[in-house]
Amino acid sequence: MSHDIKKNVADSLGLPRDLVMGEVNVRISGKSRIFIENYRYIIEYTESVLKLQCRNTKLKICGNKLVIEYYSKEEMLVKGIINEICYY
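Here is a short report on the structure shown in this document. For clarity, every value in this text was computed on a predicted model and none was experimentally measured. (Residues numbered from 1 in each chain as written. Predicted model: local features only at pLDDT ≥ 70, side-chain atom pairs only at ≥ 80, totals over all residues. Heavy atoms only, no water.)

Bringing the nonpolar core into the picture now. Taken as a class, soluble globular proteins show a tendency for nonpolar side chains to be buried jointly. With 14 residues, the main nonpolar core has Ile 36, Leu 50, Leu 52, Ile 61, Met 76 and Val 78 as its most contacted residues. Among the elements of the structure, strand E2 (33–37), strand E4 (49–54), strand E5 (58–71) and strand E6 (75–87) are those that each provide at least two residues to this core. Here the element with the most residues in this core is E5; it accounts for four residues. Here Val 78 is in contact with Ser 32, Arg 33, Ile 34, Ile 36, Leu 50, Leu 66, Val 67 and Ile 68, once residues within four sequence places are set aside. (Core = buried A, V, L, I, M, F, W, Y, C linked by side-chain atoms within 4.5 Å. Buried < 20%, exposed > 50% of the residue type's maximum accessible area, 1.4 Å probe, protein only. Helix = DSSP H or I, 4+ residues; strand = E, 2+ residues; numbered from the N terminus. Contact = heavy atoms within 4.5 Å.)

Before going further, it helps to spend a moment on the pairing of strand E3 (residues 39–45). By the bridge criterion, five bridges tie E3 to E4 in an arrangement that is antiparallel. Following the sheet pairing, Tyr 45 is matched in E4 by Leu 50. Taken together, E3 and the strand that follows it, E4, pair antiparallel across an intervening segment of three residues. (Pairing = 2+ DSSP bridges.)

On to a nonpolar patch on the surface. There is a patch of nonpolar side chains on the surface, built from Tyr 41, Ile 43 and Tyr 88 and spanning about 310 Å² of accessible area. Inspection of the secondary structure puts Ile 43 in strand E3. For Ile 43, a relative accessible area of 39% puts it in the partly exposed group. (Patch = residues over 30% accessible without salt bridge, like charges linked within 9 Å, V, L, I, M, F, W, Y side chains within 5 Å. Areas by Shrake-Rupley, 256 points an atom, 1.4 Å probe, with all protein chains shown as cover. Salt bridge = Lys/Arg side-chain N within 4 Å of Asp/Glu carboxyl O.)

All right, on to the state of the cysteines then. Within this structure, the stated rule accounts for zero disulfides. Unpaired in terms of disulfides, Cys 86 finds its nearest cysteine sulfur in Cys 62, a separation of 5.8 Å. (Disulfide = S-S within 2.5 Å.)

Relative to the helices and strands, Tyr 41 resides in strand E3. Judged by its relative accessible area of 47%, Tyr 41 falls in the partly exposed class. Between the C-alpha atoms of Tyr 41 and Lys 73, which are 32 residues apart in sequence, the distance is 8.1 Å. Setting aside anything within four residues of it in sequence, one finds Tyr 41 in contact with Lys 51, Leu 52 and Gln 53.

This part is about the sheet that holds E4. What holds strands together in a sheet is hydrogen bonding between their backbones, with the strands either parallel or antiparallel. With antiparallel pairing, six strands are arranged side by side in an open sheet as E1-E2-E6-E5-E4-E3. The open sheet terminates on both sides in strands that have one partner only, identified here as strand E1 (25–29) and E3. In this sheet, adjacent strand axes meet at a mean angle of 45° when their direction is disregarded. The pairing of E1 with E2 spans five bridges and is classified as antiparallel. Of the residues in E2, the one forming a bridge with Arg 27 is Phe 35. (Axes fitted to C-alpha atoms, helices over the stretch in contact; angles between N-to-C directions.)

Structure, rendered in structure tokens:
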């Protein structure tokens, strides 16, 4: 199914686009917690950087004392001092 068709179906049915399109969903709580859904795999993980491959982009989180508190095949919770989040 093409990108435009999926987008139209999501809009027509009132479904969240991130669910239908498989887009990464990032929720930030203050400067110390970040919840990520719909990532594919971990590219790099250190105490100061976390790089994730997502379906249509890559996500980079920079900070200090970063810890993956929880993760599954589809979601993860990262804690630490978050300084920067960027897509590349």
